[in-house]
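Close look at the chain arrangement
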Amino acid sequence: DPMLLIDEFSADAIRYFLLREITLGQDGNFNRDALITRINADLANDLGNLLHRTLNMIGKFQQGILIESVGETELDKSLKDMAIDTAKNYRELMDDMKISDAVKTVWQFISRTNKYIDETAPWKLAKDSEQKQNLANVLYNLAESLRIISTLISPYMPNTSRRIHEQLKINQPFENIRLEDAEIFGLLEKNHEVGKPEQLFPRIEVK
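My aim in this report is to walk through the structure given alongside it, one point at a time. (Residues numbered from 1 in each chain as written. Predicted model: local features only at pLDDT ≥ 70, side-chain atom pairs only at ≥ 80, totals over all residues. Heavy atoms only, no water.)

We now examine the packing of helix α1 (residues 2-9) against helix α2 (residues 11-21). At a minimum axis separation of 7 Å, α1 and α2 run at an interaxial angle of 115°. For the pair α1 and α2, contact is made by L5, I6 and F9 and by A11, A13 and I14, respectively. The class makeup of the residues in the contact of α1 with α2 is 6 nonpolar, no polar and no charged. (Axes fitted to C-alpha atoms, helices over the stretch in contact; angles between N-to-C directions. Helix = DSSP H or I, 4+ residues; strand = E, 2+ residues; numbered from the N terminus. Contact = heavy atoms within 4.5 Å. Nonpolar A, V, L, I, M, F, W, Y, C, P; charged D, E, K, R; others polar.)

Written as structure tokens, this is what we have:
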């Protein structure tokens, strides 16, 4: 019963699973174990932890304020380039009704952004006063990546998208967000204040 599944796991989680796992117009398999695995791995760990870690670090290292990004490293440029490429590929895939592939390309970028945190190690940059600008750049890039991600997932995960939008404290009304906004890196203004992290998807413990 889809209504019972929605009550238990949320509509966003069910839509994500079905659109990712089943090619539009084709038959597909559904089972509870696979659904829970996807929720824990993709939604709780990949997306949820990315948002939580980012907002926590901005709060801890910069009092919740985004400092203007100046300059970039090769890692920074690589992330920005992938963000723009992801948004453009996503549009093409959605136009071709390849929704499952569109969903997957967003999660590839989410995985890359999580890896970017490990590569740049903001907690180490925060200990070195000479790395203050690099730290600011990294945290800005993470927040901006989340803005783009929230825009791309909005068609099939509207509630989750809105919650990310609200936690980032984006000034633009959520209803006015357009896909074109995801194809521009750098829309968050300097000195923008972000909110505190709230859990997007609780991890499901399987007995």
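Another aspect to go through is the pattern of salt bridges. Using the criterion set out here, one finds 14 salt bridges in the structure. Note that E21 and R38 form a salt bridge whose closest N and O atoms lie 2.6 Å from each other. Of the two residues, E21 is situated in helix α2 and R38 in helix α3 (residues 32-62); the sequence distance between them amounts to 17 residues. You can call E21 partly exposed: its relative accessible area is 35%. Its salt-bridge partner being E144, residue R147 comes within 2.6 Å of it at the nearest N-O pair. Separated by 3 residues within a single helix, R147 and E144 lie in helix α7 (residues 132-153), roughly one turn from each other. Each of the two residues, R147 as well as E144, counts as buried. Connected via shared salt-bridge partners are R20, E21, R38 and D42. (Salt bridge = Lys/Arg side-chain N within 4 Å of Asp/Glu carboxyl O. Buried < 20%, exposed > 50% of the residue type's maximum accessible area, 1.4 Å probe, protein only.)

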